Amino acid sequence: MRTAVLELLVDGGYEAVSFKEVALRAGVGQPTVYRRWGTKAELVEFAIFAVSEWAPPAPTGDLEADLARLADVVLEELLTPPVHAALPGLILAHYDAPDEHTRLRAWAEEPVLAAFSAIVEAAGLDGEVPGDDVRAAFQHFLAALTFTAMTRDRPTARRLARSAARITDRALRGLVS
């Protein structure tokens, strides 16, 4: 079923995905799809995030360089055709659905936050920057990457991702008390 969802995303975007179409492409009955996933957003998230072989870059202690490498990895993931096709629809689907937000954060945000936090720690800033500020810096970093992936061509997105890393480096260093 995952392959069916990914194909539908690439062929027609988030709007093309339906339980009926997934069942047809996967050669299963609709009840099979409905039993496993309660919403279209949940089905799409399972397909695009479970497929990922995302592996964060190992931190070196150089905050800006490590953030730039993380930005590159995250941006490339966001620019894969299925993820890129799913993003606008997922954002709309989650707009007024708190339960959906929790699941999306678990699938997509928490692994990146863990990598971001490891980078901050390797740079020797853990304990120097309050945890809430690290999380806020991460939110800005991820938001910049997500918006850039949705609205820019690949070369421009890469350049802007590097800028996001540089700005995040400066922000974190500016928070050291």
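A. Expanded view of the pattern of salt bridges. Per the stated rule, a full pass over the model turns up 11 salt bridges. Glu76 serves as the salt-bridge partner of Arg154, at 2.6 Å between the closest nitrogen and oxygen. Here Arg154, found in helix α9 (residues 154-174), pairs with Glu76, found in helix α5 (residues 63-78); they are 78 residues apart in sequence, far enough to count as distant. Accessibility expressed as a relative area gives 30% for Glu76, which makes it partly exposed. Residues joined by salt bridges that share partners form a network here, namely Glu64, Asp169, Arg170 and Arg173.

B. Summary view of the side chain of Glu109. Following the sequence through the fold, Glu109 ends up in helix α7 (residues 98-122). Judged by its relative accessible area of 11%, Glu109 is buried. A polar atom in the side chain of Glu109 sits 3.3 Å from the side chain of Arg135. In this structure the side chain of Glu109 is engaged in a polar contact, spanning 2.8 Å, whose partner is the side chain of Gln139. Those residues in contact with Glu109 that lie beyond four places of it in its chain are Leu104, Arg135, Phe138, Gln139 and Leu142.

C. Looking closely at α7. Here α7 contains 25 residues, and its C-alpha end-to-end distance of 33 Å stays within 8% of the 36 Å for a straight helix at 1.5 Å per residue. The largest bend along α7 reaches roughly 45° and is located at Glu109, with the proline Pro111 sitting one to four residues downstream. Turning to α7, its buried residues number three or more, namely Glu100, Arg103, Glu109, Val112, Leu113, Ala115, Phe116, Ile119 and Val120. Of the residues trailing α7, Gly124 is marked for its positive phi of about 80°.

D. Spatial organisation of the packing of aromatic side chains. The full count for this structure, using the stated rule, is four aromatic pairs. Ring centres of Phe19 and Tyr34 lie 4.3 Å apart, and the angle between their planes is 15°; on these two criteria the pair is classed as stacked. Of this pair, Phe19 sits in helix α2 (residues 19-26) while Tyr34 is found in helix α3 (residues 30-36), placing the two residues 15 residues apart along the sequence. Among the aromatic residues, those joined into a cluster by ring pairs are Phe116, Phe138 and Phe141. Here the basic side chain of Arg36 rests over the ring of Phe46, its NZ or CZ set 5.0 Å away from the ring centre.

E. Fine view of the side chain of Thr168. Considering the arrangement of structural elements, one finds Thr168 in helix α9. A polar side-chain atom of Thr168 sits 2.7 Å from the main-chain carbonyl oxygen of Ala164. What Thr168 contacts, discounting residues up to four positions off in sequence, is Leu67, Phe116, Ala137 and Phe141.

F. Spatial organisation of the packing of helix α1 (residues 2-12) against helix α6 (residues 81-94). Relative to each other, α1 and α6 sit at 70°, their axes nearing to 8 Å. In terms of orientation, α1 and α6 fall into the roughly perpendicular class. Of the residues in α6, those touching α1 at Leu6, Leu9 and Val10 are Pro81, Pro82, Ala85 and Ala86. Residue composition of the contact of α1 with α6, by class: seven nonpolar, no polar and no charged.

G. Examining the layout of surface pockets more closely. In this structure, the largest pocket spans a volume of roughly 720 Å³. Taken together, 24 residues make up the lining of the largest pocket; nearest its centre are Leu104, Ala108, Glu109, Leu142 and Thr146. Contributions of two or more residues to the lining of the largest pocket are made by α5, α6, α7 and α8 (131-151). Tallying contributions element by element places α7 first for the lining of the largest pocket, with eight residues.

About the thresholds
- Residues numbered from 1 in each chain as written.
- Predicted model: local features only at pLDDT ≥ 70, side-chain atom pairs only at ≥ 80, totals over all residues.
- Heavy atoms only, no water.
- Salt bridge = Lys/Arg side-chain N within 4 Å of Asp/Glu carboxyl O.
- Helix = DSSP H or I, 4+ residues; strand = E, 2+ residues; numbered from the N terminus.
- Buried < 20%, exposed > 50% of the residue type's maximum accessible area, 1.4 Å probe, protein only.
- Polar contact = N/O pair within 3.5 Å; in protein donor to acceptor, adjacent residues only side chain to side chain.
- Contact = heavy atoms within 4.5 Å.
- Expected span 1.5 Å × (residues − 1).
- Bend = angle between axes of the 7 residues up to and from the residue.
- Phe/Tyr/Trp six-rings, centres within 6.5 Å; stacked < 30°, edge-to-face > 60°.
- Lys NZ or Arg CZ within 6 Å of the ring centre and 35° of its normal.
- Axes fitted to C-alpha atoms, helices over the stretch in contact; angles between N-to-C directions.
- Parallel < 35°, antiparallel > 145°, perpendicular 65-115°, else oblique.
- Nonpolar A, V, L, I, M, F, W, Y, C, P; charged D, E, K, R; others polar.
- 1 Å grid on protein atoms, 1.4 Å probe; cavity = no way out; pocket = protein on both sides within 12 Å on 5 of 7 lines; lining within 4 Å.
- Points joined across faces, edges and corners; volume = space filled by probe spheres on them.

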